[in-house]
Amino acid sequence: MLYISLCLCLCLSLFSLSHSFLLPGIRKIDETHPCANFKYIKDKPVRDLAGEEFLRMHGAEKEGLIQMSLSMDKHGSKDTYLEEIKTFFYRDEFSQLVQSWNEQRMIILNYTLNNLLYPVLAEQLKRKMLEESTLHVLKKCKVKLRNCTQMAPYAVENMDESGNNGVRILGFCIRDAGEDKPGYGILINGAGAVEETITLSYFKYSSKGNTELAKKKEADMEKLREFLLEHKPHVVGLGCEGRALQYQREIQDVITSLEQQHQIDPITIELVDPTVSRIYKESNRAQVEFPNYTPEQRMAVSIARRLRDPLVEFTQLMNFSNDVLSIPWHSLQRFINEERLLRWLTQEFVTLVNNVGVDLNFAVEHYHYQNMVQFVCGLGPRKAAALLKLLKQHTEHLESRALLVQEFKLGSRVFLNCAGFIKVQHSREDSLSDNFQLLDSTRIHPETYIWAEKMAIDALEYDEDDEDDNNVKQRALEEIMDDPEKLLDLDLDAFNTELKRQVLLLVSELNFVLRRL
């Protein structure tokens, strides 16, 4: 392996790349083609290749547009590698016998390099460069997924909290004017559940002139006005495949007129990429959840939900059909093995989901959220499906994490792996239960509850005698969770030193007990 690595390092410094056009490439590769940048490559050192460049060339060769060739020596150059190393095999004598042997050595050396060594090194070098450029594209796919989903759920300042459903989002799906399909609006609440729908059959047509279509368009605009006035959404998500700015301007005009009359609060309009919703509308999950909706209505639901929480909506596409692979993550993803790309995207989903945690009670109540559970560390698709099934069968509301082991027979090892990423949001009735633990609604692991409670008590400067009082612990935790800035008063360095001392003391006591067994 060391010999091969050294040879590949030598190849990177000595090999150069050239390619010639095949007949389809001559016809297809023009100034707008992705391969136009390396149209006339000749004797380019492979060490100068960067990023996805080689994968793009490999893809063009795979499609029959070009033919690549790796060579140790530049075309037409007299300073070849053979000339450099022949001095190590050449004897500088003048006898006829020595000259004859020199000729034989050169024949053997030339054959060995050109027919045996160069082809092997070129093949190994191609594999190495292909792997490096593939990894570069895979990382870009992960970054794009992270950028699309690493956003907090949509929130509105000074929102009216009179209801329990939070922000109201109106998602619109409007097709191009050339398609004879109406526009649909779906209003969802803060949980992602559908509350109301609106159909605008003539919204995409022009309101200019005195035509029949213009009059119907005006009727649709009045219908939209009444809908906004009645339901007062906090934000409008607009996903359309053409004329997005025009539609945004027309909706904004309606909102502005209502605002000027002081009939509604300001409503934001957000343009939403319809790629995910376009894939979701045909998925099995969408058809199961909304069997009576048209594909455009499902698109509107997906647009609104993506605006509400992008991560939840993207996980909808991680299903048995692998719909997530239908998203154009990168222009070169068609040259990457699908299973490998899916594995990388799954790893990124695991990271993203566990960064925010998963609320099991919310997952049981809401079908669209359930795909999040499979990405919890320690579960996976099968354990997640089995756990959700048990929760639906035996309880309407999970009171604490501990019940997952006590009642739902989750293995201790699995529980230790996943407990820190499972959140249990409590209701008012839960506080009266013997199983109530306030920290279950956080991403703090049960193994470290004792230290979280101690930090809360120390930060609030409660008496040490109260540390064994559960009511005091709960009161301290509630106060810290209501105002986390109080933790800033805690000397973390001193607390960390004390924590290490207590852990070492506990370990020494344990060792003493074990020696006496």
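Reading the values: rules and limits
- Residues numbered from 1 in each chain as written.
- Predicted model: local features only at pLDDT ≥ 70, side-chain atom pairs only at ≥ 80, totals over all residues.
- Heavy atoms only, no water.
- Helix = DSSP H or I, 4+ residues; strand = E, 2+ residues; numbered from the N terminus.
- Buried < 20%, exposed > 50% of the residue type's maximum accessible area, 1.4 Å probe, protein only.
- Contact = heavy atoms within 4.5 Å.
- Areas by Shrake-Rupley, 256 points an atom, 1.4 Å probe, with all protein chains shown as cover.
- Expected span 1.5 Å × (residues − 1).
- Arc of directions from axis to C-beta.
- Core = buried A, V, L, I, M, F, W, Y, C linked by side-chain atoms within 4.5 Å.
- Phe/Tyr/Trp six-rings, centres within 6.5 Å; stacked < 30°, edge-to-face > 60°.
- Patch = residues over 30% accessible without salt bridge, like charges linked within 9 Å, V, L, I, M, F, W, Y side chains within 5 Å.
- Salt bridge = Lys/Arg side-chain N within 4 Å of Asp/Glu carboxyl O.
- Lys, Arg positive; Asp, Glu negative; His and termini not counted.
- Charge placed at Lys NZ, Arg CZ, Asp CG, Glu CD.

**Student:** An account of the overall build of the protein chain is needed here, citing residue identities and associated values.
**Tutor:** Per the secondary structure count, the protein chain includes 19 helices and 10 strands. The buried share of the protein chain, reckoned over its 517 residues, is 43%. Look at the contacts in the protein chain between residues 6 or more apart in sequence, and 65% of them connect residues 24 or more apart. When the accessible area of the protein chain is evaluated, it comes to approximately 29,400 Å², of which 52% is carbon and sulfur surface.

**Student:** Give a detailed account of helix α6 (residues 212–231), specifying residues and quantitative values.
**Tutor:** Because an α-helix packs 3.6 residues into every turn, residues spaced three or four apart end up facing the same way. Counted at 1.5 Å a residue, the expected span for α6 with its 20 residues is 28 Å, and the 29 Å between its end C-alpha atoms agrees. Those residues of α6 that sit buried are Ala214, Lys217, Asp220, Met221, Leu224, Arg225, Phe227, Leu228 and His231. Projected down its long axis, α6 shows its buried positions confined to an angular sector of 165°, all on one face. With respect to the buried face of α6, the exposed residues turned more than 90 degrees away are Glu212, Glu226 and Glu230. Phi for lysine 232, located one or two positions after α6, is positive at around 45°.

**Student:** Can you tell me about the nonpolar core, naming the residues and giving the values?
**Tutor:** Counting residues in hydrophobic clusters, the biggest one holds 70 residues, and the most contacted among them are Val324 and Leu404. Among the elements that make up this core, the one with the highest residue count is helix α12 (residues 338–356) (7 residues). Contacts of valine 324, omitting those with residues within four sequence positions, involve Leu317, Met318, Trp329, Leu342, Leu345 and Phe349.

**Student:** I'd like to hear about helix α14 (residues 380–394), residue by residue, with values.
**Tutor:** Between its first and last C-alpha atoms α14 spans 21 Å; for 15 residues at 1.5 Å apiece the expected length is 21 Å, and the two agree. Of the positions making up α14, those classed as buried are Gly380, Ala384, Leu387, Leu388 and Leu391. One face of α14 carries all of its buried residues, which in axial projection span an arc of 100°. In α14, those exposed residues whose orientation departs by more than 90 degrees from the buried face are Pro381, Arg382, Lys389, Gln393 and His394. Considering only its buried residues, α14 is in contact with α13 (360–365) and α15 (402–406).

**Student:** Mind laying out the packing of aromatic side chains, listing which residues take part and the relevant values?
**Tutor:** Tallied over the full model, the rule gives 4 aromatic pairs. Where phenylalanine 314 meets tryptophan 329, the ring centres are 6.2 Å apart and the plane angle is 40°; that geometry is what we call tilted. Taken together, the residues span a long stretch of sequence, with phenylalanine 314 in helix α11 (residues 310–315) and tryptophan 329 in the loop between α11 and α12 at a distance of 15 residues. Each of the two residues, phenylalanine 314 as well as tryptophan 329, counts as buried. Here the aromatic rings of phenylalanine 349 and phenylalanine 375 are separated by 5.2 Å at their centres, their planes lie at 25°, and the arrangement is stacked. Of this pair, phenylalanine 349 sits in helix α12 while phenylalanine 375 sits in the loop between α13 and α14, placing them 26 residues apart in sequence. Here the two residues phenylalanine 349 and phenylalanine 375 agree in accessibility, since each one is buried.

**Student:** Which residues make up a negative patch on the surface, and what are the values?
**Tutor:** On the surface, a cluster of negative charge is made up of Glu195, Glu196, Glu222, Glu226 and Glu230. For the negative patch, the secondary-structure elements that each account for two or more residues are β6 (194–200) and α6. At 3 residues, α6 tops the list of elements feeding residues into the negative patch.

No statement about biological role is implied by the geometric values presented.
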